[in-house]
Amino acid sequence: MFHLILSACLVDQPDVCAPRLLPAGDSETREQCLQSGPAIARDWIARHDTLKGSSTDCVETSALSALEVKEIASGVWFHQGEAAQLSPQNGGRIANLAFVIGDSVAVIDAGGSRAEGEELYAAIRMVTPLPISHVILTHMHPDHILGAEVFSEAGASVVADARLPDAVARREASWMISIPQQIGAAAFAGSAFATVDQPVDTPTEISLGARILDLTPAPVAHTDNDLTVLDRSTGTLFTGDLVFEGLTPAIDGSLSGWLDWLALDPAPKTQLFVPGHGPIRTSWPEAIGPEIAYLQGLRDATRKAIDGGMPMSQAIPAIVTMMKPLSDGWADFAAITARNAATAYTELEWQ
Ligand SMILES: [Zn+2]
């Protein structure tokens, strides 16, 4: 297969350029790709007005730059993100991503930039030429969803919790400014939030031919739009950021709701747990142990600060100090814990 690559530069910083892979240009031969390429690139640029196109080329799949992926169960492929916050070094590649192959392919989380989505697309094409029918977003956070447009352009339906579009809309303007500052303008070039085609508000099955995925919206926990995905045939549960390991869990929903969700075993027959950040695990207690300890510690420290009559400004550093003994194994502990302390204080103050 041949792939269309557009060299594009930022309109407001013309010396900042990046190659963009446009799946609509995929062709059996290089000639077909070269012939259809310029019109496809013009169309794409017309929809991405922060970029200006310069030239197009066509390359074979083996020449694409691809994310590292491994098969963790039959037909289930996994990429582990870096345990860090967004940075110019990682270009936003911090979330775990996956794809499941049936008669078609479903992608589960799409990466933290257009570039990472393209690298995941390349990794899929190195494994299978099957159509990509779905890209499922586990929740609103940009490190999981900014690559989704690549798959939408490849023909996939964008599937997410029904609450996600509003949640993204409320934050999109500020994310479009802050994320390029965090990862760099070139790494961010061409990134946009994809439109959700299939909102999910009740447990829903997605069929990839013989293979069924069960999608289950969660109550407010990590965010107010978390969704889990269970691959029935291998018993693999994709939890999104309802489960963290390595990178300190960030609360953007409800601490109590998250602890309640963790107290339920969401899928008793599960063999394999794929978290949003951190390594895959084969048992539920092992998958959630460190996170439960962290979140319970946060709840207890926050209650202590509130019961001691501390105002929020004093409580935040006090909670971070009380949490210090739990900091082992958590990246970016102090900064994320300070933000979590503010969220937890506001939530628990009224309980
Ligand atoms: Zn998240």
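The model shown is predicted, which means the values in this text are computed figures rather than measured ones.

Turning to the pairing of strand 8 (residues 132-137), a few remarks are in order. Buried residues dominate strand 8, accounting for 5 of its 6 residues. Chirality of the crossover, the property in question, places the unit of strand 7 (residues 105-108), helix 2 (residues 114-127) and strand 8 among those that are right-handed. As judged from the 4 bridges shared by strand 8 and strand 9 (residues 157-161), these two strands associate in the parallel manner. Paired with L137 across the bridge in strand 9 is A160.

A separate point is the coordination of the zinc ion. Protein-derived coordination of the zinc ion comes from H139 (NE2), H141 (ND1), H222 (NE2) and D241 (OD), at a distance range of 2.1 to 2.2 Å. Angles of 87 to 163 degrees at the metal separate the 4 donor atoms of the zinc ion, which places the site in the irregular class. Here the donor residues for the zinc ion map to a single chain with the spacing H-x1-H-x80-H-x18-D. One end of the pair, H139, is in the loop between strand 8 and helix 3 (142-145); the other, H222, is in the loop between strand 12 (211-217) and strand 13 (227-231), and 83 residues separate them in sequence. H222 matches H139 in its accessibility class, with the two residues each being buried.

Taken as a whole and judged by the stated rule, the model has 14 salt bridges. Between D57 and R30 there is a salt bridge; the shortest N-O distance is 3.5 Å. With D57 in strand 3 (residues 51-60) and R30 in helix 1 (residues 30-47), the pair connects residues that are 27 residues apart, well separated along the chain. Taking the relative accessible area as the measure of exposure, R30 reaches 34% and is therefore partly exposed. Here E153 makes a salt bridge to R114, at a shortest N to O gap of 2.8 Å. In this pair, E153 is assigned in helix 4 (residues 148-153) and R114 in helix 2, connecting sequence segments 39 residues apart. Here E153 matches R114 in class, with each residue buried. Shared partners join several salt bridges into a network, and the residues in it are R20, R114, E118, E149 and E153.

One can find V100 in strand 6 (residues 97-101). Note: C-alpha distance between V100 and Q271 (171 residues apart in sequence) is 15 Å. Leaving out residues up to four positions away in the same chain, V100 has contacts with G75, V76, V105, A106, I108, L208, R211, L213, D231 and F238.

The next thing to look at is the environment of P88. Structurally, the position occupied by P88 is in the loop between strand 5 (76-79) and strand 6. Those residues in contact with P88, other than ones at most four positions away along the chain, are Q182 and I183.

Centre-to-centre distance and the angle between the planes together describe a pair of aromatic rings. Applying the stated criterion to the full structure yields 8 aromatic pairs. One aromatic cluster is present, formed by W261, F273 and W284 through successive ring pairs.

So, on to the packing of helix 7 (residues 255-263) against helix 8 (residues 284-307). The N-to-C vectors of helix 7 and helix 8 enclose an angle of 150 degrees; their axes lie 10 Å apart at closest approach. Our classification of the angle between helix 7 and helix 8 gives roughly antiparallel. Crossing handedness for the pair helix 7 and helix 8: left-handed. Of helix 8, the residues touching helix 7 (which contributes L255, W258, L259, W261 and L262) are W284, I288, E291, I292, L295, Q296, L298 and R299.

Another point: the state of the cysteines. Between two cysteines, a covalent bond joining their sulfur atoms is known as a disulfide. Evaluation of the coordinates by the stated rule reveals 2 disulfides. Sulfur-sulfur distance for the disulfide between C9 and C17 comes to 2.0 Å. Measuring handedness by torsion sign, the sulfur bridge of C9 and C17 sits at about 100 degrees and is right-handed.

Let us now look at the sheet that holds strand 7. With mixed pairing, 7 strands are arranged side by side in an open sheet as 4-5-6-7-8-9-10. Looking at the sheet topology across the chains shown, the edges are occupied by strand 4 (70-73) and strand 10 (198-200). Going from strand to strand, the sheet's axes swing by 25 degrees on average, the running direction of each strand aside. Contacts between helix 2 and the sheet are confined to strand 5, strand 6, strand 7 and strand 8, with strand 6 contributing the most and set at about 30 degrees to the helix.

Bringing the domain arrangement of the protein chain into the picture now. Per the domain assignment, the segments making up the protein chain are domain 1 (2-60) and domain 2 (70-293). Computed over C-alpha atoms only, the centres of domain 1 and domain 2 are separated by 27 Å. Taken together, the 17 residues of domain 1 in the interface contact 13 residues of domain 2. Of the roughly 1,100 Å² buried at the junction of domain 1 and domain 2 (both faces included), carbon and sulfur atoms supply 59%. The interface formed by domain 1 and domain 2 includes 1 salt bridge. One can count 7 residue pairs in polar contact (both at pLDDT 80 or more) joining domain 1 with domain 2. Elements supplying a minimum of two residues to the side of domain 1 that touches domain 2: strand 1 (2-10), strand 2 (17-27) and helix 1.

Inspection of the secondary structure puts S87 in the loop between strand 5 and strand 6. Note on S87: relative accessible area 14%, which makes it buried. Sequence-distant contacts of S87, that is, excluding residues within four places in its chain, are made with G92, Q182 and I183.

Conventions and cut-offs
- Residues numbered from 1 in each chain as written.
- Predicted model: local features only at pLDDT ≥ 70, side-chain atom pairs only at ≥ 80, totals over all residues.
- Heavy atoms only, no water.
- Buried < 20%, exposed > 50% of the residue type's maximum accessible area, 1.4 Å probe, protein only.
- Helix = DSSP H or I, 4+ residues; strand = E, 2+ residues; numbered from the N terminus.
- Right-handed = clockwise from strand over helix to strand, strands pointing away.
- Pairing = 2+ DSSP bridges.
- Donors = N, O, S within 2.8 Å, 3.2 Å for Na, K, Ca; no water.
- Tetrahedral: all angles 85-135°; square planar, octahedral: opposite > 155°, others 65-115°.
- Salt bridge = Lys/Arg side-chain N within 4 Å of Asp/Glu carboxyl O.
- Contact = heavy atoms within 4.5 Å.
- Phe/Tyr/Trp six-rings, centres within 6.5 Å; stacked < 30°, edge-to-face > 60°.
- Axes fitted to C-alpha atoms, helices over the stretch in contact; angles between N-to-C directions.
- Parallel < 35°, antiparallel > 145°, perpendicular 65-115°, else oblique.
- Left-handed = near helix turned anticlockwise from the far one by under 90°.
- Disulfide = S-S within 2.5 Å.
- Domains from an automatic or database assignment.
- Buried area = accessible area lost by both parts, 1.4 Å probe.
- Polar contact = N/O pair within 3.5 Å; in protein donor to acceptor, adjacent residues only side chain to side chain.

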